[in-house]
Amino acid sequence: MKILISDDQLTRYQRLIERFEEMGVRRDDIDLVPSANDARRLLASRTYDLLILDILLPLRAEESDCLSTNSVDLLLELSEGDSLIRPMHIVGITGDKSIVADAESSFTDSTWIVIEYSAISDEWMQNIENCVTYIQAKKRATNQAAPDFGVDLAVICALESPELEELLKLDWNWSTSEPIDDMTFVYRGWLFCGDCKINVVAACAERMGMVSSALLSAKIISILRPKLLAMCGICAGVEGKVKQGEVLFADPAWDFQAGKQVLENGVAEFSMAPHQIAADPIVRSHTQQIATETDDLASIFTEFGGDAVAVPRIHIGPVATGSAVLADGEIVRRIE
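Note that this is a predicted model, so its numbers are computed, not measured. (Residues numbered from 1 in each chain as written. Predicted model: local features only at pLDDT ≥ 70, side-chain atom pairs only at ≥ 80, totals over all residues. Heavy atoms only, no water.)

Section: the sheet that holds strand β2 (residues 30–33)
This is how it is decided: Whether two strands pair depends on DSSP finding at least two bridges between them. To qualify as a helix, a DSSP run of H or I must reach at least 4 residues; to qualify as a strand, a run of E must reach at least 2; elements of each kind are numbered from the N terminus. Axis definition: a line fitted to C-alpha atoms, over the contacting stretch in the case of helices. Angles run 0 to 180 degrees between N-to-C directions.
In spatial order, the strands read β2-β1-β3-β4-β5; together these five strands make up an open sheet with parallel pairing. Every interior strand has two partners, whereas the edge strands, β2 and β5 (113–116), have only one. Between one strand and the next, the sheet's axes are offset by a mean angle of 20°, whatever the strand orientation. Where strand β1 (residues 3–6) lies against strand β3 (residues 50–54), four bridges are found, and the strand directions are parallel. Bridging from a neighbouring strand, I3 pairs with L50 of β3.

Shown next as structure tokens:
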């Protein structure tokens, strides 16, 4: 369980942290920061079960002005934005509810509670402990209901050549291909990541396009139950934003060919009706963390013969997909 405490008076949490440790929360899993921007920085790359947020916070650690707008802006960004990872629960805290009534309504409007701190009573700590107990019970129930995965990683390749051929060159202890039904063959392999053994399967689609890839993915998911499904393929990037060899993480993804043909003023046009699908927030947060580790990316790149001066980046952003290969710049601009 991971907890983030954002308060300009962090010393008042010493006894509460001791209570957390008695409840089984590791001290290393509790982060304390004194300003809204410090909290924003951590929430951009880490997943927390509980955020304890002081209603009166300075924007930056070196500033002395504690304003409710700093906390409310952070709360709004968590509720409506997509740049931060939303914690499972948020608890507001203040030394005097009477002076922060407007800010308190922002918390209650989002169904979060506000607790009044007291230096002479432990009631405020008991309220937070009750919240931690609830989260722990919920996580235990979730873990008990965890799905039974068949393999750790399944990799779908757009075609046998070049994608699957290149994938099988990795030193992942590949076996010969084997059928999982009358028409679908996969390669099984494994590798060690630290002390963890990762079981892998790889397969290629019969032809390019969403339909073939979706059918193969559905089979793999249904029969082999992978924990993570990834794809090796080639896609078109927007000129000036990405380079060859860089990795795109789709969030959100949608079919740019979904919609209908319409007649407008005697001219046939296509009216897009995108249904955007967001990435899983846990997978997104891990990918975001990897994207910031430039030294690790450089070592991976150079290990496979790349030039460390031109280390590729991981881009997290919207990706449109369709069955047709695009060579029309005007359609690309419409998708953008």
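What to know about the pattern of salt bridges
How we decide: In what follows, salt bridge is the name for a side-chain nitrogen of Lys or Arg lying within 4 Å of a carboxyl oxygen of Asp or Glu.
In this structure the tally under the stated criterion is 18 salt bridges. In this structure, D49 and K139 form a salt bridge, with 3.2 Å as the shortest nitrogen-oxygen distance. Separated by 90 residues along the polypeptide, D49 in the loop between α2 (36–43) and β3 and K139 in helix α5 (residues 123–144) bring together distant segments of the chain. Salt-bridge contacts for D181 lead to K219; the nearest nitrogen and oxygen are separated by 3.2 Å.

Topic: the nonpolar core
The condition is simple: Among buried residues, the Ala, Val, Leu, Ile, Met, Phe, Trp, Tyr and Cys ones that are joined through side-chain atoms within 4.5 Å form a nonpolar core. Buried, partly exposed and exposed residues are distinguished by accessible area as a fraction of the type maximum, computed with a 1.4 Å probe on protein chains only: under 20%, between the cut-offs, and over 50%, respectively. Residue contacts are defined here by distance: any two heavy atoms, one from each residue, within 4.5 Å place the two residues in contact.
In this structure, L4, L43, L51, L74, L78, I90 and F107 are the most contacted members of the largest nonpolar core, which totals 20 residues. Here this core gets four residues from one element, more than from any other, and that element is α2. Other than its neighbours up to four places away in sequence, L74 contacts A36, A39, R40, L43, L53 and L84. Formed by 19 residues, the second largest nonpolar core is a distinct cluster that contains V25, L50, I93 and I115.

Focus on helix α3 (residues 68–80)
Worth spelling out the cut-off: Expected span of a helix, by definition, is 1.5 Å for each gap between consecutive residues, and there is one gap fewer than residues. The arc in question is the one spanned by the directions pointing from the helix axis to the C-beta atoms.
With 13 residues, α3 extends 18 Å from end C-alpha to end C-alpha; this agrees with the ideal 18 Å at 1.5 Å per step. Listing the buried residues of α3 in full gives N70, S71, L74, L75 and L78. On an axial view of α3, the arc spanned by its buried residues comes to 130°, and they lie on one face.

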